[in-house]
Amino acid sequence: SKEGGRNQLSFFTPEMDQAVQERALLDHEMRLGLPAGQFELHYQPLMRMPDGQIRGVEALMRWRHPHLGNVSPAKFIPVAEQTGFIAALGDWGLEQAMRQAKAWADQGIEGLRVAVNVSARQLMKQALHERVRELLAQTGLDPSLLELELTESLLAENVEQVNASLSAIHALGVRLAVDDFGTGYSSLAYLKRFPIGKLKIDQSFVRDLISDPDDRAIAAAVIQMGHSLGLRVNAEGVESEDQLAQLRAMGVDEVQGYLVGRPLPAAELTPRLLSDRAG
Ligand code: C2E
Ligand code: CA
Ligand code: CA
Ligand code: CA
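Residues numbered from 1 in each chain as written. Chains lettered and ligands numbered in written order. Predicted model: local features only at pLDDT ≥ 70, side-chain atom pairs only at ≥ 80, totals over all residues. Heavy atoms only, no water.

- The name an unreviewed UniProt entry assigns to the protein chain is EAL domain-containing protein, from the organism Inhella proteolytica.

Here it is, written out as structure tokens:
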């Protein structure tokens, strides 16, 4: 409250108190829920342009809690990042995704790359390249079938350490992509410094692509710049045929969104992946 601002005991407003309590609750429930099997990965298809083939999928985490129901990753990932639980959760997700990628390759779905989101905390806390090397050996997955998605804010922190870690991962043959491009760090210098192979244009620029000329200009500029730097460019959040046609005309390399397919459990996506190859 306003008058309580001078008084240390009431430093936490009721709203803040509630947020702190909710975070503690979610953290506690995640720590119980991971070993209890409440977490699962869903996979969203990535459509290669211009031929329309599904050559990749993005792994997205899902949490179904017995009482809280489905909790959005937009809610639990930031909490896991704050509490440090992301190290365990992210490691679990990476291993699951790599096992699934190997299973798809073994089923004859050739060249299907699996993209996994990596948090800053996950990259810095462990030697991630050591863990990736270990999991590649354990699973037998072709390293070029793994792609790690990083945010711009991650690339802005501890530049030397991040660069060492990313270079070691790149040296294993694993691909690196920048997620939510255009929303974070304002300097583009990192595009030269780090071994990035792909930019993912943030959904916020794709949403109003048809009605907003500014968003269209930004998307076109990102695609051109990406290509000039030898990078592939993905557009996320594509929901309409009009958006797809516009992005195709701009020369985008990959699209992702509800128009192409929603995230699904692996078993539900497999038939589509098989028929895509056959067709
Ligand atoms: P993101 O990495 O940007 O993932 C894309 C998000 O957009 C996903 O939300 C996806 O379901 C959603 N999406 C895909 N197509 C469309 C579309 O056409 N329209 C709209 N409106 N949305 C679309 P989701 O699954 O809720 O994940 C939210 C965020 O949580 C992710 O954003 C990512 O930042 C984070 N996240 C999810 N799984 C993981 C994970 O395993 N590790 C880490 N570190 N973060 C994760
Ligand atoms: Ca992502
Ligand atoms: Ca994104
Ligand atoms: Ca996002």
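1. Quick look at the overall build of the protein chain
Stage number 1. Of the regular secondary structure elements, the protein chain holds 12 helices and 10 strands.
Stage number 2. By principal-axis analysis of the C-alpha atoms, the protein chain measures approximately 65 × 45 × 40 Å.
Stage number 3. In the protein chain, which comprises 279 residues, the proportion classed as buried is 46%.
Stage number 4. Looking at the protein chain alone, contacts between residues at least 24 apart form 69% of all its contacts between residues at least 6 apart. (Helix = DSSP H or I, 4+ residues; strand = E, 2+ residues; numbered from the N terminus. Buried < 20%, exposed > 50% of the residue type's maximum accessible area, 1.4 Å probe, protein only. Contact = heavy atoms within 4.5 Å.)

2. Considerations on the packing of aromatic side chains
Aromatic rings considered in pairs are described by the distance between their centres and by the relative angle of their planes.
Stage number 1. In this structure the tally under the stated criterion is five aromatic pairs.
Stage number 2. Judged by centre distance (5.1 Å) and plane angle (10 degrees), the ring pair of Phe39 and Trp63 falls under stacked. One end of the pair, Phe39, is in strand β1 (residues 39–48); the other, Trp63, is in strand β2 (residues 54–65), and 24 residues separate them in sequence. Summarising the burial analysis for this pair, Phe39 and Trp63 share the class buried.
Stage number 3. On the basis of an interplanar angle of 85 degrees and a centroid distance of 5.5 Å, the ring pair of Phe39 and Phe76 is categorised as edge-to-face. Taken together, the residues span a long stretch of sequence, with Phe39 in strand β1 and Phe76 in helix α2 (residues 73–83) at a distance of 37 residues. Both residues of the pair, Phe39 and Phe76, belong to the buried class. (Phe/Tyr/Trp six-rings, centres within 6.5 Å; stacked < 30°, edge-to-face > 60°.)

3. Looking at the coordination of the calcium ion (ligand 4)
Stage number 1. The coordination sphere of the calcium ion (ligand 4) contains the protein donors Asp180 (OD) and Asp180 (OD), at a distance range of 3.0 Å.
Stage number 2. In this fold, Asp180 is placed in strand β6 (residues 175–181). (Donors = N, O, S within 2.8 Å, 3.2 Å for Na, K, Ca; no water.)

4. Remarks on the coordination of the calcium ion (ligand 2)
Stage number 1. The protein atoms that coordinate the calcium ion (ligand 2) are Glu58 (OE), Asn117 (OD1), Glu149 (OE) and Asp179 (OD), at distances of 2.2 to 2.3 Å.
Stage number 2. Between the calcium ion (ligand 2) and the calcium ion (ligand 3), both coordinated by Asp179, there is a metal-metal distance of 4.0 Å. Placement of the pair is Glu58 in strand β2 and Glu149 in strand β5 (residues 146–151), with a sequence separation of 91 residues.
Stage number 3. Look at Glu58 and you get buried, because its relative accessible area is 3%.

5. Details of the site of ligand 1
Stage number 1. Around ligand 1, the surrounding shell holds 19 residues, and the nearest of these are Gln44, Arg62, Gln203, Glu239 and Tyr258.
Stage number 2. The contact in question runs from an oxygen atom of ligand 1 to an N or O atom on the side chain of Glu58, over 3.2 Å.
Stage number 3. A distance of 3.0 Å is found between an oxygen atom of ligand 1 and a side-chain nitrogen or oxygen belonging to Asp179.
Stage number 4. When ligand 1 sits alone it has 800 Å² of accessible area, and the protein chains cover 81% of it.
Stage number 5. Secondary-structure elements contributing two or more residues to the shell around ligand 1 are β2, α2 and β6.
Stage number 6. In terms of residues, the shell around ligand 1 owes the most to one element, β2, which gives four residues.
Stage number 7. Its residues assigned to classes, the shell around ligand 1 shows seven nonpolar, six polar and six charged. (Near = heavy atom within 4 Å. Polar contact = N/O pair within 3.5 Å; in protein donor to acceptor, adjacent residues only side chain to side chain. Areas by Shrake-Rupley, 256 points an atom, 1.4 Å probe, with all protein chains shown as cover. Nonpolar A, V, L, I, M, F, W, Y, C, P; charged D, E, K, R; others polar.)

6. Let's talk about the environment of Ser167
Stage number 1. On the secondary structure map, Ser167 appears in helix α7 (residues 159–171).
Stage number 2. A C-alpha to C-alpha distance of 30 Å links Ser167 and Gly108, two positions 59 residues apart in sequence.

7. Some remarks on the nonpolar core
Stage number 1. Ranked by size, the top nonpolar core spans 75 residues in total, and within it Tyr43, Trp104, Leu148 and Leu155 carry the most contacts.
Stage number 2. Residue contributions to this core peak at seven residues, all from helix α3 (residues 86–106).
Stage number 3. If sequence neighbours within four positions are ignored, Trp104 has contacts with Tyr43, Val57, Ile109, Leu112, Val114, Ala266, Leu269, Thr270 and Leu273. (Core = buried A, V, L, I, M, F, W, Y, C linked by side-chain atoms within 4.5 Å.)

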